[in-house]
Amino acid sequence: MLLGTFTWAALGPVVVVEQTMKAANYLNIIADQLHPYMAFVFPTGNGIFQQDNAPCHKARIVLEWFEEHTDEFHLIS
């Protein structure tokens, strides 16, 4: 599976996911790939991130991570 990010400004990283996408795997991708990308493209914290309702996207550890980073970008619920 490929997991990619894009904005009106630029294409972001594409990550090859070879294992089952569990919450911990998804959180690692968010922290390692998405977070630096959003900080670079939206340095003032005005970026908006959208995800679907896949179970790994709704996991408690993932939602808590987004809560900790609300000042850096907004997550559409």
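Residues numbered from 1 in each chain as written. Predicted model: local features only at pLDDT ≥ 70, side-chain atom pairs only at ≥ 80, totals over all residues. Heavy atoms only, no water.

In the nomenclature of an unreviewed UniProt entry, the chain corresponds to Tc1-like transposase DDE domain-containing protein from the organism Araneus ventricosus.

Asker: Is there a simple way to explain the overall build of the chain in this structure?
Answerer: When helices and strands are tallied, the chain shows two helices and four strands. The globule rule puts the C-alpha radius of gyration for 77 residues at 11 Å, and the 12 Å found for the chain is close to it. In terms of principal-axis extent, the alpha carbons of the chain reach across some 35 × 25 × 20 Å. Counting all 77 residues of the chain, 38% fall into the buried class. Restricting the contact set of the chain to residue pairs at least 6 apart, pairs at least 24 apart contribute 57%. Approximately 5300 Å² of the chain is accessible, and the part contributed by carbon and sulfur atoms is 57%. (Helix = DSSP H or I, 4+ residues; strand = E, 2+ residues; numbered from the N terminus. Rg over C-alpha atoms; globule rule 2.2 N^0.38 Å. Buried < 20%, exposed > 50% of the residue type's maximum accessible area, 1.4 Å probe, protein only. Contact = heavy atoms within 4.5 Å. Areas by Shrake-Rupley, 256 points an atom, 1.4 Å probe, with all protein chains shown as cover.)

Asker: Please explain helix 1 (residues 23–41) as it appears in this structure.
Answerer: Two residues of an α-helix separated by three or four positions point the same way, owing to the 3.6 residues in each turn. With 19 residues, helix 1 extends 25 Å from end C-alpha to end C-alpha; this agrees with the ideal 27 Å at 1.5 Å per step. Of all the bends in helix 1, the largest measures some 35° and sits at Leu 34, one to four residues before the proline Pro 36. In this fold, the buried residues of helix 1 make contact with strand 1 (2–6), strand 2 (11–16), strand 3 (47–49), helix 2 (60–68) and strand 4 (73–75). (Expected span 1.5 Å × (residues − 1). Bend = angle between axes of the 7 residues up to and from the residue.)

Asker: Which parts of the structure should I look at to understand the pairing of strand 2?
Answerer: Two faces make up the sheet, and in a regular strand the side chains alternate between them. In the sheet, strand 1 pairs with strand 2 via four bridges, with the strands oriented antiparallel. Within the sheet, the bridge partner assigned to Phe 6 lies in strand 2 and is Leu 11. (Pairing = 2+ DSSP bridges.)

Asker: It is not clear to me how the UniProt feature "signal peptide" (unreviewed entry) in the chain should be interpreted in this structure. Could you clarify?
Answerer: Here, the residues flagged by UniProt with the feature "signal peptide" (unreviewed entry) are residues 1–17. The straight-line gap between the two end C-alpha atoms of residues 1–17 is 5 Å; of that span, 0% is helix and 65% is strand. (UniProt positions renumbered as here; feature names shortened; annotations may be inferred.)

Asker: Please explain the environment of Asn 28 as it appears in this structure.
Answerer: Its location among the elements puts Asn 28 in helix 1. Spatially, the C-alpha atoms of Asn 28 and Gln 51 are 15 Å apart, while their sequence positions differ by 23 residues.

Asker: I keep staring at helix 2 and nothing clicks. Help me out?
Answerer: Among all positions of helix 2, only Val 62, Trp 65 and Phe 66 are buried. For helix 2, the angular spread of the buried residues around the axis is 95°, confining them to a single face. Of the exposed residues in helix 2, those oriented more than 90 degrees away from the buried face are Arg 60, Glu 67 and Glu 68. (Arc of directions from axis to C-beta.)

Asker: Any chance you could explain the pattern of salt bridges here in plain terms?
Answerer: Close approach of charged atoms allows side chains with opposite charge to pair. Applying the stated criterion to the full structure yields one salt bridge. Put simply, Arg 60 and Glu 64 hold a salt bridge, and the shortest N to O gap is 3.5 Å. Of the two residues, Arg 60 and Glu 64 are both situated in helix 2; the distance of four residues between them amounts to about one turn of the helix. Judged by its relative accessible area of 39%, Glu 64 is partly exposed. (Salt bridge = Lys/Arg side-chain N within 4 Å of Asp/Glu carboxyl O.)

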